[in-house]
Amino acid sequence: MKILLIEDNPGDARLLLEMLKDTPGDFALDSVERLGLGLEYLAAHEVDVVLLDLNLPDSSGLDTIARLHGRFSLLPVVIMTSVDDEELVVQAIRHGATDYLVKGQTDGRLLRRTILYAIERKQAEIALTWRNVRFRLLSETAGRLLSSQEPEETIQTICHEVTNFLDCQVFFNFLVDDEENRLNLNTYAGIPEEEADKIATLDFGEDLCGHVAREGRKIIVEHVQETHGEPNALIKSFGVKAFACYPLISNGAVIGTLAFGTRTRSTFAEEELDLMKTVTDQVATAVARKKAEAALQRNEEELATILASVPIIMLVVNPDRRVLQVNEAAAKFAGRRQVDMSGMRPGEALQCLYALDDPQGCGFGPQCQNCMTRLTVLNTLETGVNHYQVEWHAPFLRNGKQEEVTFLLSTVLMGTGTSGQALVCIEDISARKRTEEALQRSEERATGQAVRLQTVLDTAPAIIWIAHDRECRVITGNRAADDYLRVPVGLNVSKSGAETDRLAHFRVFRDGVELSPAELPIQVVAATGWGLADYSMELRFDDGTVRYLLGNISPLLGDSGEPNGAIGAFIDITERKKMDQLKDEFIGMVSHELKTPLTVVTGAIYTSMTKGVSAKDKKELLHDAVSGAEELTSIIDNLLELSRFQADRLQLNIEPVDVGQVARNVTGKLEKKSALHRLMRDIPETLVPVMADAFRVERILYNLVDNAIKYSPKGGTVTVSAREQDNSVVVTVTDQGIGISVENQARLFEPFQRIQQSHLGIAGVGLGLNVCKRLLEVQGGRIWVESTPGKGSTFSFMLPAAREFEGG
Ligand code: ADP
């Protein structure tokens, strides 16, 4: 047990030393003569109790105890008084003395007991004070940390108090810097600034504090000065004797460290470490709260930035339906300042014309009764139901002009109960709406145009195909084209598409050579971009039909001028082709048919002019020449009539015509044509005349009688008869010739129709009956045939009777 005696009287000092020698127990006594020396001694040595004389050369009376207690309050102090002055003793004890001894009245036993009691009492007192102070400290610390706006600064004050209380001189508080992944020195005490600068940042694992932060476990080093090695070097250099570092842990993560160090003792008591731990936990909570608050603030700031920058109009409306706050988009929309909008009704704030026009303002006008914005906000405020994207429109005053605005309205209740406010979000979709409408209109226009185009294409008499891509994988046709190919409307008719989709019921030829899909005209134009004109091709269908097409094909060009399809318009020229063929055949036939009688004519005349031909032969020859010439004339007359028809130059001279007279003329002309035939007339004398062109009636009758003779090669009777019937006259020519089958009867009257009777060798050009039919039709009559093959034929025609005209 170490005792320090502060006593300036050497006699008293010696006396005490003697007493202690005889006292049982391990007492070691040092003495000094002045208070100043005593204080120095105490700072350098560990002492269990002080024996103090109050009257010293550098201090006297109660001041002595006060000064000593002021510096070393935990030390038990026994004052030595020379007189038994109770008043002084009481005062001294109030100033921190633990007990007292009266000089001259003290023996070894009393001295020992007093010292031991003093130590014990002091310890009890310390324990009590410790508990009290600790309690006060902790509760204050907790309170201050919780209420502090700046916990990081509060930590400094608290640490100072704790260090003082624990008789520590050094502390460090590091906080984790998440971004840099290291520790920053937040506050410290007890070391010079330049030393602090050196440890302003620590890496995880660096030094003791870095180590604690990395491991998340406390480190306590006692007897620091006696230790060796790197980890403790720093604190050792600060003169620290005992050091404790704790991790600040929040939610299982290390957020910093708190460390205390003392230069006066080499160890810490358990309760001191306990206190440090408790304070550390409190600090951790405060720092974590601060961090969370900072994060929250950052979020709020971000939210504020977002709210400011989103193009959505936002208003916070209170239960009285007054605007509390608006964002920048709202101010921009209204053309007002944000501050000016607070306190207004929403409609007024945003310059709704209904609100501006009505003297009572937003929410009261007749239009406001149905205002969706008002109803939605009210509903949210009253029932707490949020609404999402309700579409509404209203007229607003914008930039001095009235503007109909369409918008989507969303409302969210913020807060609860009667204090609830509505966040109103308004998304102006007018521009989008206008664009959509314009798009729809243009789509409708485009559709309309497309429909019109399709109608044009479908009504066009031409066969039109459109290739929709450069490769012609899709080709569709108009109605005429689909009918032509005999496919359903709108079918892809491309021969260049997928193998399986290709139309296979026809093939395309040109000059007798089949075209491959790539050689087809539309494909060629779509691929090259060069059009084709007057292109003819031949379609051969699987059922054997062959059709001819003639057309023009143009490329369809894209925006950049690249071909991306083709359109081809064709007409069917099959009939024309046939006519051409027919014409060619006809010319050949006519030439032939003209040549035969001409040969007869020329031959007969030449022969008749030969010497030695008898007058009788000459007469016969000339007769042959005349009938040949008549045959020629007949053919040429028919040709001329036909050409008049075709040129629309037929002129008729309609007058009452005596059919009997015409029949006589005709039979007269043809009588001599054949010796095998007998021409008969069966025409009443009183037959009513017909209204017709006499010359044409003769032509008709001539053709019919001529045919009757021609097609009864074995001879027989040819009868021309006539009779009146229903205000018309029916003339018939009956022969006993080869007759005509029923199916052939149907087409006899078409031009160039000759029934194959080549084996009979009967000449003809297939014109006569067609001319008859046409001539009768223009004179208001008609022609028909009855015939039995092998027995003969009866050709009849009818013409209106002249009486009808006379009467009418
Ligand atoms: P063409 O006599 O020059 O051949 P038509 O127009 O006068 O031409 O007659 C057309 C066809 O009608 C004839 O080729 C013939 O086959 C048939 N035909 C006309 N008249 C008779 C008839 N009286 N008896 C049988 N066949 C006839």
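Here's what I pulled together on the structure shown here. Every chain is numbered on its own, with residues counted from 1 as its sequence reads. With the structure being a predicted model, the display of local features is reserved for residues of pLDDT at least 70 and the display and counting of side-chain atom pairs for 80 or more, all residues being used for whole-chain, interface and lining totals. Note that water and hydrogens are dropped before the side-chain values are worked out from all heavy atoms of the structure.

### Topic: the overall build of the chain
Step number 1: Numbering of helices and strands runs from the N terminus, with a helix taken as a DSSP run of H or I at least four residues long and a strand as a DSSP run of E at least two residues long. The helix and strand tally for the chain stands at 25 helices and 30 strands.
Step number 2: With the C-alpha coordinates aligned to their principal axes, the bounding extent of the chain is approximately 215 × 75 × 40 Å.
Step number 3: To sort residues, take the accessible area from a 1.4 Å probe on protein chains only and compare it with the maximum for the residue type: under 20% means buried, over 50% means exposed, and anything in between is partly exposed. When each of the 808 residues of the chain is scored for burial, the buried share is 42%.
Step number 4: Within the chain, residue pairs in contact and separated by at least 24 positions form 56% of the contacts whose partners lie at least 6 positions apart. When checking whether two residues touch, look at their non-hydrogen atoms; a contact exists if any pair is within 4.5 Å.

### Examining the side chain of R321
Step number 1: Following the sequence through the fold, R321 ends up in the loop between β12 (313-317) and β13 (323-326).
Step number 2: The buried charged residue R321 lacks any salt bridge partner; its closest oppositely charged side chain belongs to E382, at an N-O distance of 6.9 Å.
Step number 3: If near-sequence neighbours (up to four positions away) are discounted, R321 is found in contact with M344, R345, P346, G363, R374, L378 and L381. Charged-residue counts in this description rest on Lys and Arg as positive and Asp and Glu as negative, His and the chain ends being excluded. When a carboxyl oxygen of Asp or Glu lies within 4 Å of a side-chain nitrogen of Lys or Arg, that pair is called a salt bridge.

### A word on a nonpolar patch on the surface
Step number 1: Each patch is built from salt-bridge-free residues with over 30% relative accessible area, joining like charges within 9 Å and nonpolar side chains (Val, Leu, Ile, Met, Phe, Trp, Tyr) within 5 Å. Note on areas: Shrake-Rupley, 1.4 Å probe, and residue coverage restricted to the protein chains presented here. On the surface, I605, Y606, M609 and L622 cluster together into a nonpolar patch covering about 430 Å² of accessible area.
Step number 2: Looking at which element gives the most residues to the nonpolar patch, the answer is helix α19 (residues 574-609), with three residues.

### Comments concerning the sheet that holds strand β16 (residues 421-428)
Step number 1: Pairs of strands are assigned from DSSP output, requiring at least two bridges between the strands. With antiparallel pairing, the five strands of this open sheet are ordered in space as β13-β12-β16-β15-β14. Either end of the sheet is taken by a strand with one partner, and the two such strands are β13 and β14 (387-398). Between one strand and the next, the sheet's axes are offset by a mean angle of 30°, whatever the strand orientation.
Step number 2: Both strand β15 (residues 401-414) and β16 contribute to a ladder of eight bridges, which runs antiparallel. Its bridge partner being in β16, L409 is matched across the sheet by I426.
Step number 3: Between N-to-C directions, angles span 0 to 180 degrees; the directions come from axes that are lines fitted to C-alpha atoms, helices contributing only their stretch in contact. Relative to the sheet, helix α16 (residues 430-459) contacts β14, β15 and β16, its axis offset from that of β15 by approximately 120°.

### Focus on the pairing of β16
Step number 1: Bridging between β12 and β16 involves five bridges; their strand directions are antiparallel. From the neighbouring strand, V317 faces β16, where its bridge partner is A422.

### Describing the pattern of salt bridges
Step number 1: Within this structure, the stated rule accounts for 33 salt bridges.
Step number 2: Note that E427 is salt-bridged to R432, the shortest N-O span being 3.0 Å.
Step number 3: We classify R432 as partly exposed; its relative accessible area is 40%.
Step number 4: Residues E777 and K773 are paired through a salt bridge, measuring 3.7 Å at the closest nitrogen-oxygen approach. Taken together, the residues E777 and K773, both in helix α24 (residues 768-778) and four residues apart, mark about one turn of the helix.
Step number 5: Each of E7, D12, D53 and K103 takes part in salt bridges that share partners, so that together they form one network.

### Some words on the environment of L166
Step number 1: Secondary-structure assignment places L166 in the loop between α6 (151-165) and β6 (170-177).
Step number 2: Classification of L166 as buried rests on a relative accessible area of 0%.
Step number 3: Along the primary structure L166 and M579 are separated by 413 residues, whereas in three dimensions their C-alpha atoms are 129 Å apart.
Step number 4: If sequence neighbours within four positions are ignored, L166 has contacts with W130, R265, E272, L275 and M276.

### Regarding helix α1 (residues 10-22)
Step number 1: Here the expected length of a helix is defined as 1.5 Å per residue gap, with one fewer gap than residues. Here α1 contains 13 residues, and its C-alpha end-to-end distance of 19 Å stays within 8% of the 18 Å for a straight helix at 1.5 Å per residue.
Step number 2: Every buried residue belonging to α1 is among D12, A13, L16, M19 and L20, and all of these are buried. Viewed end-on, α1 has its buried residues packed into an arc of 125°, placing them on one side of the element. Pointing more than 90 degrees away from the buried face of α1 are the exposed residues P10, R14, K21 and D22.
Step number 3: Buried residues in α1 make contact with β1 (2-6), β2 (28-32), β3 (49-53), β4 (77-81) and α5 (108-147).
Step number 4: Two to three positions downstream of the cap, the backbone nitrogen of G11 sits 2.9 Å from a side-chain oxygen, assigning the N-cap of α1 to N9. Taken from the helix axis, the directions to the C-beta atoms give the arc we talk about. N or O atoms closer than or at 3.5 Å make up a polar contact, with two conditions inside protein: a donor-capable atom paired with an acceptor-capable one, and, for residues adjacent in sequence, both atoms drawn from side chains.

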